[in-house]
Amino acid sequence: MVESAAVDVVIIGGGIVGTVLAKALCENISIQTPEGKKCGLNVALIDAADPRETAPSHNDFNPFTDTRVIALARRTVNELADVGLSLDDLAKQHNGELPPKIKQIEVSDKGHLGLLNLHSQDYHIDAFGQVVSLSALTRLAANASTAYQHIAPAKVTGVKQHRDNVDVLLDSGDVITTKLLILADGGRSGLAERVGIAKTVSDYHQTAIVFNVHTQMPHKNKAYERFTDSGPLAFLPFDSEINGVKANGNGFSVVWTLETQAAKALMEMDKASFINALQQAFGYRQGKILRVSDTASYPLALTKAQQVTSHRTVVVGNAAQALHPIAGQGFNLGLRDLSALVSVLERESVLRSAVSKRSMSQSLKQDSNQETQAKGGADHFDAGAFNIVQRYANQRKKDRDNTIALTDTLVRTFSNQYFPTVIGRNVSLLALSMMPQAKKTFVKHTTGYGVTPHGNRDNNAAC
């Protein structure tokens, strides 16, 4: 028997973006009816992954077991706290151990003079961001709210768009009808294409190898972005356990980007040979590399949705754009999608509440028939209305376009060994290091405040 249910919002994808969004929409948006009652949005979160899985995984897409580590920009940390997800709460899951803060950043070009050093204290901020385990953050978000329906494991078999709603068909045979459909599935399901959102893909012909290391010297909350002949190499401060040994302030999470064939050759090496190759690429900034965890890899491409909306549908996070990991902008851009959508819906809910109050006041002066008509026009909030969907698209355009362009330019500039390009990028790094105003602009982008409405600017930062 097919069962049907109706909700305000359906989110497809139970990763960190979808999970945080579900919590925010349920708890941060309040609709006032003409009778003066307040109610939140009714949200259903659908995910193919099983939240009961606990075994670490290197190569699947289950957000609850994903071993990847991510750097959250300062703005992302602040916005997570605004929706009730403080990273301090992660310490409760890890014996009081807080996610490491990034207080220093070193950018260098191997074999050349280009060098840039940034210290958060110079900008009157505590840190540029924090480093967290993706699976730990997802579990924190998933356990932080029971206000929405979490349907998992479940697969979406079809989507049908109608004038006033969208039907979401599940593999169980059930149908969920919603006013607004949000695709937060990482772009892997093909659902965006089914609702008319085309995508472009630009293959970088590179592969990212991800793993953890322990080094001889403590990290002291310093992150590195090092550009090498073989590709960018990022070290993020993060203490992990490798072969039964827990790092004590000397651990890093590493993303090593190489041409695909070079990456394949590296991953076929024994551990000693791999460590030697890594040491040669990174140098001895942290002394000797003592241990390396198991590795995982994934191909790199720029995938971009040509538009972020369709009829009663929006795409967010990696479903809207999947970026190269250089400079760590992709995940933070996705969280800004989330923040923008919540902001747009909050604004509309406030306007609707004002309309409801006026309707209630006017209805007291009208006969019962007129009162009924007033109620019918104002007591239900349409989360998928055209003006809401369009406002989200308009609000995301500038930040999205700028961040994608910046990331793509960095990839093509710092993965290029053409001599004039090498000279140009090193001159740029040296110039940046000597120009305070340029450094401030760079820090704004690094912390996520490069393109943002005035009200969301980081007023604590001297940049």
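Being a predicted model, the structure only gives us computed values, none of them experimental.

### Structural notes on the confidence of the model for the chain
For the chain, the average pLDDT comes to 85, and 80% of its residues sit at 70 or higher. A low-confidence stretch, residues 368–378 (pLDDT under 50), is modelled with 11 contacts involving residues beyond four sequence positions or located in other chains.

### Digging into helix 3 (residues 134–143)
Counting buried positions over the 10 residues of helix 3 gives eight, a clear majority of the element. Regarding helix 3, the residues found buried are L134, S135, A136, L137, T138, L140, A141 and A142.

### With respect to the side chain of E225
In this fold, E225 is placed in strand 15 (residues 222–228). Buried and unpaired, E225 has no salt bridge, with R226 as the nearest side chain of opposite charge at 11 Å.

### Describing the pairing of strand 13 (residues 175–183)
Within strand 13, eight of the nine residues are buried, which leaves it mostly tucked inside the rest of the structure. Looking at chain direction, strand 1 (residues 4–12) and strand 13 are connected through eight bridges and run parallel. When the bridges of strand 13 are listed, V7 appears paired with T178. For strand 12 (residues 166–170) and strand 13, the ladder comprises four bridges, and the chain directions are antiparallel. Within the sheet, the bridge partner assigned to V166 lies in strand 13 and is T178. Two successive antiparallel strands, strand 12 and strand 13, enclose a turn made up of four residues, where G173 displays a positive phi of approximately 100°.

### A few points about the sheet that holds strand 6 (residues 101–102)
Here three strands make up an open sheet; going across it, the order is 5-9-6 and the pairing antiparallel. Edge positions in the sheet fall to strand 5 (69–73) and strand 6, since each has one partner strand and no second. As defined by bridge partners, strand 6 adjoins strand 9 (residues 129–133) across two bridges and the pair is classed as antiparallel. Within strand 9, the residue paired with I102 across the bridge is G129. Against the sheet, helix 2 (residues 74–82) engages strand 5 and strand 9, with an angle of about 85° to strand 5. Across the face of the sheet, helix 3 comes into contact with strand 5 and strand 9 while running at roughly 90° to strand 9.

### Some details on the packing of helix 1 (residues 16–28) against helix 3
Running from N to C, helix 1 and helix 3 point in directions that differ by 20°, and their axes come no closer than 9 Å. One element, helix 1, and the other, helix 3, form an angle in the roughly parallel class. The handedness of the crossing between helix 1 and helix 3 comes out as left-handed. Along its contact with helix 1, which presents I16, T19 and V20, the element helix 3 presents L134, L137, T138, A141 and A142. Looking at the contact of helix 1 with helix 3 residue by residue, the class counts come to six nonpolar, two polar and no charged.

The rules behind these values
Residues numbered from 1 in each chain as written. Predicted model: local features only at pLDDT ≥ 70, side-chain atom pairs only at ≥ 80, totals over all residues. Heavy atoms only, no water. pLDDT = per-residue confidence, 0-100. Contact = heavy atoms within 4.5 Å. Buried < 20%, exposed > 50% of the residue type's maximum accessible area, 1.4 Å probe, protein only. Helix = DSSP H or I, 4+ residues; strand = E, 2+ residues; numbered from the N terminus. Lys, Arg positive; Asp, Glu negative; His and termini not counted. Salt bridge = Lys/Arg side-chain N within 4 Å of Asp/Glu carboxyl O. Pairing = 2+ DSSP bridges. Axes fitted to C-alpha atoms, helices over the stretch in contact; angles between N-to-C directions. Parallel < 35°, antiparallel > 145°, perpendicular 65-115°, else oblique. Left-handed = near helix turned anticlockwise from the far one by under 90°. Nonpolar A, V, L, I, M, F, W, Y, C, P; charged D, E, K, R; others polar.

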